[in-house]
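Descriptive structure summary
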Amino acid sequence: MKILVINGPNLNLLGSREPEIYGSDTLKTIEDELLEFARNLNQNIKLEFFQSNHEGCIVDKIQSAKDFDGIIINPAAYTHTSVAIADAIKAVKVKTVEVHLSNINAREDFRKVSYISSNCIGTITGFSKIGYKLALLGLFESK
Ligand code: CA2
């Protein structure tokens, strides 16, 4: 099973600022822990990681993901603005789970709107880095 894990803008800064909202782990630590979690599931799960601060690069990556069995995406700020990313997820027809470290429903009003959710099989929000593991389990169990 091949899963693509996409992280959007500024998530490359994790661990350096706003730890009270986003935790103190770096993106690399989160990715390494997800790799370890996948290994422990013992089901020949292959993960590929991609982070970009650019909307078009994220769209290109999603379009190139036709051979994957699932996508886990934290679109970060593009969650609340990007019709392009939402359309790419719909077009590629790969099961996708949306993840947020913070609970976007308990923050500012503009964060309560996700352009992405309706094209995903599910959304996990507010469980910090564990959300990525829950997303992987969700994809695995729905295969
Ligand atoms: O809670 C999440 O995972 C978010 O997707 C994170 C985005 C935010 O715009 C969404 O509303 C919710 C922001 C990511 C920015 O990450 C930073 C990390 C360290 C320092 C500054 C920003």
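Up top is the structure these notes are about.
Remember, it's a predicted structure, so these values are computed and weren't measured experimentally. All residue numbers refer to position in the chain's written sequence, counted from 1. Under the rules for a predicted model, residues below a pLDDT of 70 receive no local features and side-chain atom pairs below 80 are neither given nor counted, while totals for whole chains, interfaces and linings still include all residues. Here the side-chain values reflect all heavy atoms present in the structure, with hydrogen atoms and water set aside.

1. Side note on the side chain of Ser82
Counted only if it meets this: Helix and strand assignments come from DSSP, with helices taken as H or I runs of at least 4 residues and strands as E runs of at least 2, each series counted from the N terminus. Between N or O atoms, a polar contact is any pair within 3.5 Å; within protein, one atom must be a potential hydrogen donor and the other a potential acceptor, and residues adjacent in sequence are included only when both atoms are from side chains.
Within the secondary structure layout, Ser82 lies in the loop between β3 (70–74) and α4 (83–92). Only 2.6 Å separates the side chain of Ser82 from the side chain of Glu55, close enough to count as a polar contact. At 2.9 Å, the side chain of Ser82 and the backbone nitrogen of Ile85 are in polar contact.

2. Let's talk about the nonpolar core
Which entries qualify depends on this criterion: Here the nonpolar core consists of buried residues drawn from Ala, Val, Leu, Ile, Met, Phe, Trp, Tyr and Cys, with membership extended through side-chain atoms lying within 4.5 Å. Here the term buried applies to any residue with accessible area under 20% of the maximum for its type, exposed to any over 50%, and partly exposed to those in between, with areas from a 1.4 Å probe on protein chains only. Throughout, a residue-residue contact means that at least one pair of heavy atoms, one from each residue, lies within 4.5 Å.
Ile3, Ile45, Leu47, Ile72, Tyr132 and Leu136 are the most contacted members of the largest nonpolar core, which has 21 residues in total. At the level of elements, β1 (2–7), α2 (27–41), β4 (96–100) and α5 (130–141) are the ones that each hand at least two residues to this core. With five residues, the top contributor of residues to this core is α5. Leave out the neighbours within four places in its chain, and Ile45 touches Met1, Ile3, Ala38, Leu136 and Phe140. Judged by nonpolar contacts, the second largest core, of 18 residues, contains Ile6, Ile58, Ala88 and Val92.

3. A closer look at the sheet that holds strand β2 (residues 46–51)
For clarity, the cut-off: Two strands make a pair as long as DSSP finds a minimum of two bridges between them. Angles run from 0 to 180 degrees between N-to-C directions of axes, and those axes are lines fitted to C-alpha atoms, restricted for helices to the stretch in contact.
Here we have five strands laid out as an open sheet, ordered β2-β1-β3-β4-β5, and parallel in their pairing. The strands lining the two open edges of the sheet, one partner per strand, are β2 and β5 (122–125). Averaged over all pairs of adjacent strands, the angle between strand axes in this sheet comes to 20°, irrespective of strand direction. In terms of strand pairing, β1 meets β3 through five bridges, oriented parallel. Directly across from Ile3, in β3, lies its bridge partner Gly70.

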